[in-house]
Amino acid sequence: MALVPGIQSPVRKVPAHIARPEYVGRPAPTPYTGPEVQTAETVEKMRIASRIAARAMAEAAKLIAPGVTTDALDVVAHEYMCDHGAYPSDLGYRGFPKSICTSVNEVICHGIPDSTVLQDGDIVNIDATAYIHGVHGDLNATYLCGDVDEESRLLVERTRESLNRAIKAVKPGRQINVIGRVIESYAKRFDYGVVRDFTGHGINTSFHSGLIIPHYDSDRATEVIKPGMTFTIEPMLTLGTYDYEIWADGWTVVTKDRKRTAQFEHTLLVTADGAEILTLP
């Protein structure tokens with residue numbers, strides 16, 4: 001059965017002492033004009049933000065079970081981030097009304113937590129980003145809810161593997177397009193669709209810096225990977241088409257054929273010989 005929008009709870013409060021990103025209360029963030037290569041100080045701050053985001057996501061994921069609402073997941077992640085001095089980066093970003101994204105079954109990304117009740121056999125993605133000390137850390141993962149069918153379970157497992165393979169492909173001197181080439185070639189082995197219009201991105205003091213990380217083999221992604229770069233890789237694979245539609249809420253992206261989709265994401269630091277995953281709990 002296709003998903004339908006649920007009822008959203010009131011916007012959650014963030015304690016006044018927690019610093020907000022500059023875009024909160026504004027229609028859009030200020031465009032980032034800084035470098036993609038970060039200082040050691042910025043990276044250390046990003047490690048803190050990334051760990052908080054990872055732990056908040058892990059705490060929310062503990063609740064995943066048939067009968068639980070996606071809004072309940074948002075409560076846990078929101079409270080964890082606030083309790084640790086971080087602002088939930090999603091909250092107020094371009095008007096997004098919640099603190100995490102929860103994307104169920106055919107939702108590719110940007111699902112809004114609401115009264116939707118998770119069912120036995122669902123798959124659900126949690127996307128969490130934390131802002132603290134002036135920087136962001138961003139990750140997501142797809143989880144199984146109850147007894148999930150083999151086709152969906154394999155999709156989730158293989159989407160995680162596509163991210164792992166892409167991370168291993170990150171090396172200074174290579175072009176960004178190596179990332180998408182690795183993901184797409186792996187996904188094609190299973191006839192999965194690879195979502196093209198939603199990508200990984202640069203991240204630092206800016207939630208989305210302007211650096212684009214495609215998950216397919218793009219001849220335009222020719223920027224050279226350099227040590228000190230920080231960005232996300234977040235492949236979205238589908239059981240059918242990668243074409244999509246967006247709900248009337250302006251956020252929820254669903255596969256056009258309503259077949260299932262999975263996603264995994266980490267924030268990475270490019271090192272002298274590869275990539276360090278910052279978003280480990």
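Residues numbered from 1 in each chain as written. Predicted model: local features only at pLDDT ≥ 70, side-chain atom pairs only at ≥ 80, totals over all residues. Heavy atoms only, no water.

## Regarding the sheet that holds strand E3 (residues 107-109)
Part 1 of the reasoning: Here we have three strands laid out as an open sheet, ordered E3-E12-E11, and antiparallel in their pairing. Of all strands in the sheet, those bounded by a partner on one side alone are E3 and strand E11 (244-246). Going from strand to strand, the sheet's axes swing by 40° on average, the running direction of each strand aside.
Part 2 of the reasoning: Pairing of E3 with strand E12 (residues 253-255), which is carried by two bridges, proceeds in the antiparallel orientation. Directly across from Val-107, in E12, lies its bridge partner Val-254. (Pairing = 2+ DSSP bridges. Helix = DSSP H or I, 4+ residues; strand = E, 2+ residues; numbered from the N terminus. Axes fitted to C-alpha atoms, helices over the stretch in contact; angles between N-to-C directions.)

## Details of empty space enclosed by the protein
Part 1 of the reasoning: In total, this model carries one cavity of 30 Å³ or more according to the counting rule given.
Part 2 of the reasoning: There is about 40 Å³ of room inside the largest cavity.
Part 3 of the reasoning: Lining the largest cavity, in full, are Ser-103, Val-107, Ile-108, Asn-125, Thr-142, Thr-261, Ala-262 and Gln-263.
Part 4 of the reasoning: When contributions to the lining of the largest cavity are tallied by element, the ones reaching two or more residues are E3 and strand E13 (261-263). (1 Å grid on protein atoms, 1.4 Å probe; cavity = no way out; pocket = protein on both sides within 12 Å on 5 of 7 lines; lining within 4 Å. Points joined across faces, edges and corners; volume = space filled by probe spheres on them.)

## Re unusual backbone geometry
Part 1 of the reasoning: A positive phi angle, close to 50°, is found at Arg-94, a residue other than glycine.
Part 2 of the reasoning: Along the chain, the position of Arg-94 falls in the loop between strand E1 (87-88) and strand E2 (101-104).

## Regarding the packing of helix H3 (residues 150-169) against helix H4 (residues 177-188)
Part 1 of the reasoning: Where H3 meets H4, the axes come as close as 9 Å, and the angle between the chain directions of the two elements is 145°. Crossing of H3 against H4: the hand is right-handed. Contacts between H3 and H4 involve Arg-158, Glu-161, Ser-162, Arg-165, Ala-166 and Ala-169 on the former and, on the latter, Val-178, Ile-179, Val-182, Ile-183 and Tyr-186. (Left-handed = near helix turned anticlockwise from the far one by under 90°. Contact = heavy atoms within 4.5 Å.)

## What about the UniProt feature "domain: Peptidase M24" (unreviewed entry) in the protein?
Part 1 of the reasoning: As annotated by UniProt and renumbered to match this structure, "domain: Peptidase M24" (unreviewed entry) occupies residues 44-272.
Part 2 of the reasoning: Along residues 44-272 the backbone is 28% helical and 24% strand, and the end-to-end C-alpha distance reaches 17 Å. (UniProt positions renumbered as here; feature names shortened; annotations may be inferred.)

## Observations regarding the pairing of E2
Part 1 of the reasoning: The alternating pattern of E2 places Cys-101 and Ser-103 on one face and Thr-102 and Val-104 on the opposite face, and all of these are buried.
Part 2 of the reasoning: Across four bridges, the pairing between E2 and strand E4 (residues 123-132) is antiparallel. Bridged to Cys-101 within E4 is Asp-127. (Buried < 20%, exposed > 50% of the residue type's maximum accessible area, 1.4 Å probe, protein only.)

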